[in-house]
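Residue-level structure breakdown
The residues making up each chain are set out below.
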Amino acid sequence: MMSRIIMSTFIAKNWFLIGLFLAIFLAKLEPSIGKKGGILMPEITVKYFAVCLIFLNSGLSLKSEEFKKAMSQVQLHTFIQMFTMMFIPVFMQFVAIVLSNHGLLSQTLINGFIIVSCMPPPVSSAAILTKAVGGNDAAAIFNSALGSFLGIFVSPALILMTLGLSGDVPFFKIFGQLCCTVVIPILIGQHIRPKIIHWMEEKKPPFGTIASCTLLLIIYSAFCDTFSNKDITLPRSELFTVMLCVVLIQSFLLYTVFSVSQSSWCNFSRADTVCAMYCATHKSLTLGIPMLKIMYSGDPTLSFITIPLLMYHPCQILLGGILAPRLKTWMLEEHNIPF
């Protein structure tokens, strides 16, 4: 009986990771179902309906009224947005050079790391972890939402500049597709939200679960396309190298944000430092995968390009959770509260 409770608790806490591995397994088992032109018809159901659903869902769930709470902290917002959209992409270019010069990873996976660096912060995980620790959750919500919105425009531009994708995919075509499948659904969701706010507060619809399930469908389709291409293989050594790089990169970024935000240059409060650590280093899988699905439409290496991002997402949550108790203790020390 106890083992069943433990198993149920584990599944409830880690259902997305389990679903992620299940989606990849099912794609490997029978890729013809979810590949382009398959029974699932992902060129319509995934490319348009699923992606639009994710961002309509985001538009409905985003609390635009929360933005006003943290508008005055310009220095904190500037630091977070510049770190995530400027420092990390530049830093990742140096990482890419090292990985390439030493032949540690294929160019496709190296490009995947560069793409990770161009992604905006996630809408939810950074804010949730900040609140759990007792940090400045209002600023976390503001920066996550601001970064996600800016990412719709900045992320594709960064990817095009760093990887030179403009020769394969027209710049304006990308932004046209992003507007139709990302911007417009978000705006529609934000327009509808005030009209059904009381219903949402009463019923509490599972926006996060809906977005995660839709995301699993997109991931499943992406891996079906890859596994249906017999010419592509990924050595286990490269997979392990990617995992190691993700952990080392995130650890370095967290330490850098902590050190800089507590230095005399910034002198942020501990609550602001916690907010910066999570918001400035986290990268959005929910925004990233649909965006890449548009930008790399028809590219058989799409799934391999997304591998660093797929690993980065659970790793940032895992590291954030591991750090949470220590940061909470550190927060309580500032106020001399016994723990």
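Bear in mind the structure is a predicted one, so any value in this text is a computation, not a measurement.

Rules and cut-offs
Residues numbered from 1 in each chain as written. Predicted model: local features only at pLDDT ≥ 70, side-chain atom pairs only at ≥ 80, totals over all residues. Heavy atoms only, no water. Helix = DSSP H or I, 4+ residues; strand = E, 2+ residues; numbered from the N terminus. Buried < 20%, exposed > 50% of the residue type's maximum accessible area, 1.4 Å probe, protein only. Contact = heavy atoms within 4.5 Å. Areas by Shrake-Rupley, 256 points an atom, 1.4 Å probe, with all protein chains shown as cover. Bend = angle between axes of the 7 residues up to and from the residue. Polar contact = N/O pair within 3.5 Å; in protein donor to acceptor, adjacent residues only side chain to side chain. Axes fitted to C-alpha atoms, helices over the stretch in contact; angles between N-to-C directions. Parallel < 35°, antiparallel > 145°, perpendicular 65-115°, else oblique. Left-handed = near helix turned anticlockwise from the far one by under 90°. Nonpolar A, V, L, I, M, F, W, Y, C, P; charged D, E, K, R; others polar. Phe/Tyr/Trp six-rings, centres within 6.5 Å; stacked < 30°, edge-to-face > 60°. Patch = residues over 30% accessible without salt bridge, like charges linked within 9 Å, V, L, I, M, F, W, Y side chains within 5 Å. Salt bridge = Lys/Arg side-chain N within 4 Å of Asp/Glu carboxyl O. Expected span 1.5 Å × (residues − 1). pLDDT = per-residue confidence, 0-100. Lys, Arg positive; Asp, Glu negative; His and termini not counted.

1. Let's talk about the overall build of the protein chain
Regarding its fold elements, the protein chain presents twelve helices and zero strands. Put simply, the protein chain runs from its N terminus to its C terminus through helices and strands in the order α-α-α-α-α-α-α-α-α-α-α-α. A total of 339 residues make up the protein chain; the buried ones form 48% of that total. Considering only residue pairs separated by 6 or more positions, the protein chain has 82% of its internal contacts joining residues 24 or more positions apart. Of the roughly 16,900 Å² of accessible surface on the protein chain, 69% is carried by carbon and sulfur atoms.

2. Topic: helix H6 (residues 137–163)
Of all the bends in H6, the greatest, near 55°, is centred on Gly 151. If you check the start of H6, you find a side-chain oxygen 3.1 Å away from the backbone N of Ala 139, and it comes from Asn 136. Looking at the residues trailing H6, positive phi occurs at Gly 164, about 60°.

3. Quick word on the packing of helix H2 (residues 42–61) against helix H11 (residues 285–295)
Close contact between H2 and H11 brings their axes to 11 Å; oriented N to C, the two are set at 155°. By the angle class used here, H2 and H11 are roughly antiparallel. Remark: the crossing between H2 and H11 carries left-handed chirality. Contacts from Val 46, Val 51, Ile 54 and Phe 55 of H2 reach H11 at Thr 286, Leu 287, Pro 290 and Lys 293. By residue class, the composition of the contact of H2 with H11 is six nonpolar, one polar and one charged.

4. Brief notes about the packing of helix H3 (residues 74–101) against helix H9 (residues 236–261)
Where H3 meets H9, the axes come as close as 12 Å, and the angle between the chain directions of the two elements is 140°. Overall, the two elements H3 and H9 adopt an arrangement that is oblique. As for the relative orientation of H3 and H9, their crossing is right-handed in sense. Listed contacts from H9 to Phe 79, Phe 83, Phe 87, Ile 88, Phe 91, Met 92, Val 95 and Leu 99 of H3 are Cys 245, Ile 249, Phe 252, Leu 253, Thr 256, Val 257 and Val 260. Residue composition of the contact of H3 with H9, by class: 14 nonpolar, one polar and no charged.

5. Here we look at the packing of aromatic side chains
In this structure the tally under the stated criterion is six aromatic pairs. Their ring planes at 20° and their centres at 4.8 Å tell us that Phe 91 and Phe 252 sit as a pair that is stacked. Residue Phe 91 is found in helix H3, and its partner Phe 252 is found in helix H9; the two are separated by 161 residues along the sequence. Overall, Phe 91 belongs to the buried group, its relative accessible area being 18%. A relative accessible area of 38% means that Phe 252 is categorised as partly exposed. An aromatic cluster is defined as three or more aromatic residues linked by ring pairs; in this entry it consists of Phe 79, Phe 83, Phe 87, Phe 91, Phe 252 and Phe 268.

6. Remarks on a nonpolar patch on the surface
On the surface, Met 7, Phe 10, Ile 11, Trp 15 and Ile 18 cluster together to form a nonpolar patch covering roughly 460 Å² of accessible area. As for its position among the elements, Ile 11 is in helix H1 (residues 2–29). Residue Ile 11 is classed as partly exposed on the basis of its relative accessible area, which comes to 41%.

7. Brief notes about H3
Each turn of an α-helix holds 3.6 residues, which means side chains three or four residues apart point in the same direction. Taking 1.5 Å as the rise per residue, H3 with 28 residues should run 40 Å; its terminal C-alpha atoms sit 40 Å apart, in good agreement. The principal kink in H3, of about 40°, is found at Phe 83. Remark: Gly 103 follows H3 within two positions and exhibits a positive phi of approximately 60°.

8. Remarks on the confidence of the model for the protein chain
Here the protein chain shows a mean pLDDT of 81. Residues at 70 or above account for 88%. Considering each helix and strand of the protein chain separately, the mean pLDDT is smallest for helix H8 (residues 207–227), with a value of 77, and largest for H3, with 93. Within the model, pLDDT remains below 50 along residues 166–170, and this stretch shows three contacts once partners closer than five positions in the same chain are excluded.

9. Topic: the environment of Phe 25
Following the sequence through the fold, Phe 25 ends up in helix H1. When the C-alpha positions of Phe 25 and Tyr 220 are compared, they lie 8.9 Å apart, and in sequence the two are 195 residues distant.

10. What to know about the side chain of Asp 272
Tracing the backbone through its elements, the reader meets Asp 272 in helix H10 (residues 270–281). The side chain of Asp 272 is buried and forms no salt bridge, while Arg 270, the nearest opposite charge, is found at 12 Å. Each residue touching Asp 272, except ones within four places of it in the same chain, is listed here: Gln 73, Leu 76 and Asn 136.

11. Re unusual backbone geometry
Despite not being glycine, Met 41 shows a phi value in the positive range, around 50°. As for its placement among the helices and strands, Met 41 is situated in the loop between H1 and H2. Not every positive phi belongs to a glycine, and Lys 204 is a case in point at roughly 50°. Relative to the assigned elements, Lys 204 resides in the loop between helix H7 (171–203) and H8.

12. Quick look at the environment of Ser 58
When you line up the elements, Ser 58 lands in helix H2. Classification of Ser 58 by relative accessible area gives buried; the value is 13%. Linking Ser 58 and Phe 207, residues 149 residues apart in sequence, is a C-alpha distance of 7.6 Å.

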